[in-house]
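Structural overview for review
So you can see what is in the structure, the chains are spelled out below.
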Amino acid sequence: MIRAFESSDMNDVLNIWLEASIGAHGFVGKEFWELRVDDMRETYIPDSDTYVFSENGTVKGFFSLQTDTLAAMFVSPDAQGKGIGQQLMNKAKSLRRKLNLTVYRKNEKGIQFYRKCGFNPVMERVDQHTGHIEILMEYSS
């Protein structure tokens, strides 16, 4: 079931974000992500429209929207490959007519997923935080 984020979901969301970020971005040091947990807790999640995928009372994934930007979409590594990401994406698309996101060029699995979901690359730029190249992708219904 996909539902709006509740404050009691915060620890689950942060754990999923951290574990999935480290797993998907092995080219960025794990410490980079660990140092950003408080920013996620105190700024990014509270300032976003966040929805969670919950199954039997357990949060298995989430996405966060900031206006028309899909700022985050993560599924717990042990729940990946079961269609949860697709369900979350469908919900995000139902909330916005147009979406944009950035994904690291080295995150080939992520790029494939977003292409499958109808996103197209628009431009590349260097992420000022990591120095890695990210791709700006857009979707419109």
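Scroll up to find the structure.
The structure contained in this document is the topic of the report that follows. Given the structure is predicted, the values throughout are model-derived calculations rather than measurements.

1. Digging into the overall build of the protein chain
Of regular secondary structure, the protein chain possesses five helices and seven strands. Reading the helices (α) and strands (β) of the protein chain from amino to carboxyl end gives β-α-α-α-β-β-β-α-β-α-β-β. The C-alpha atoms of the protein chain give 14 Å as radius of gyration, which agrees with the globular expectation for 141 residues (14 Å, within 12%). For the protein chain, buried positions account for 43% of its 141 residues. In the protein chain, 56% of the contacts between residues at least 6 apart in sequence involve partners at least 24 apart. Averaging the locations of the 17 positively and 19 negatively charged side chains of the protein chain gives two centres separated by 8 Å.

2. Description of the layout of surface pockets
Considering only enclosed or pocket space, the largest pocket measures out at about 1,500 Å³ in volume. When residues of the lining of the largest pocket are assigned to their parent elements, the largest contribution, seven residues, is made by strand β4 (residues 69-75). The residue makeup of the lining of the largest pocket, split by class, is 24 nonpolar, 18 polar and eight charged.

3. Some points on the environment of Val75
Summarising the element assignment, Val75 is placed in strand β4. For Val75, a relative accessible area of 10% translates into the label buried. Sequence spacing of Val75 and Trp17 is 58 residues, and the spatial spacing of their C-alpha atoms is 7.9 Å. Apart from residues no more than four positions distant in its own chain, Val75 is found in contact with Ile16, Ala20, Lys60, Gly61, Gln80, Ile84, Gly85 and Leu88.

4. Some details on the nonpolar core
Of all hydrophobic cores here, the largest spans 22 residues; its most connected members are Phe63, Leu70, Tyr114 and Phe119. Take this core: its biggest share by element is four residues, from helix α4 (residues 84-95). Leaving out residues up to four positions away in the same chain, Leu70 has contacts with Phe63, Ser64, Leu65, Met89, Ala92, Asn100, Leu101 and Tyr114. Ile16, Ala20, Ile45 and Phe74 belong to the second-largest nonpolar core, a separate cluster that totals 19 residues.

5. Quick look at the pairing of strand β2 (residues 49-55)
The two faces of the sheet receive side chains in turn, since in a regular strand these alternate between them. Across the seven residues of β2, five count as buried, placing the element largely inside the fold. Here strand β1 (residues 2-4) pairs with β2 via three bridges, running antiparallel. Pairing of Ile2 across the sheet is with Phe53, part of β2. Taken together, β2 and the strand that follows it, strand β3 (residues 58-66), pair antiparallel across an intervening segment of two residues, in which Asn56 is found at a positive phi of about 55 degrees.

Rules used throughout
- Residues numbered from 1 in each chain as written.
- Predicted model: local features only at pLDDT ≥ 70, side-chain atom pairs only at ≥ 80, totals over all residues.
- Heavy atoms only, no water.
- Helix = DSSP H or I, 4+ residues; strand = E, 2+ residues; numbered from the N terminus.
- Rg over C-alpha atoms; globule rule 2.2 N^0.38 Å.
- Buried < 20%, exposed > 50% of the residue type's maximum accessible area, 1.4 Å probe, protein only.
- Contact = heavy atoms within 4.5 Å.
- Lys, Arg positive; Asp, Glu negative; His and termini not counted.
- Charge placed at Lys NZ, Arg CZ, Asp CG, Glu CD.
- 1 Å grid on protein atoms, 1.4 Å probe; cavity = no way out; pocket = protein on both sides within 12 Å on 5 of 7 lines; lining within 4 Å.
- Points joined across faces, edges and corners; volume = space filled by probe spheres on them.
- Nonpolar A, V, L, I, M, F, W, Y, C, P; charged D, E, K, R; others polar.
- Core = buried A, V, L, I, M, F, W, Y, C linked by side-chain atoms within 4.5 Å.
- Pairing = 2+ DSSP bridges.

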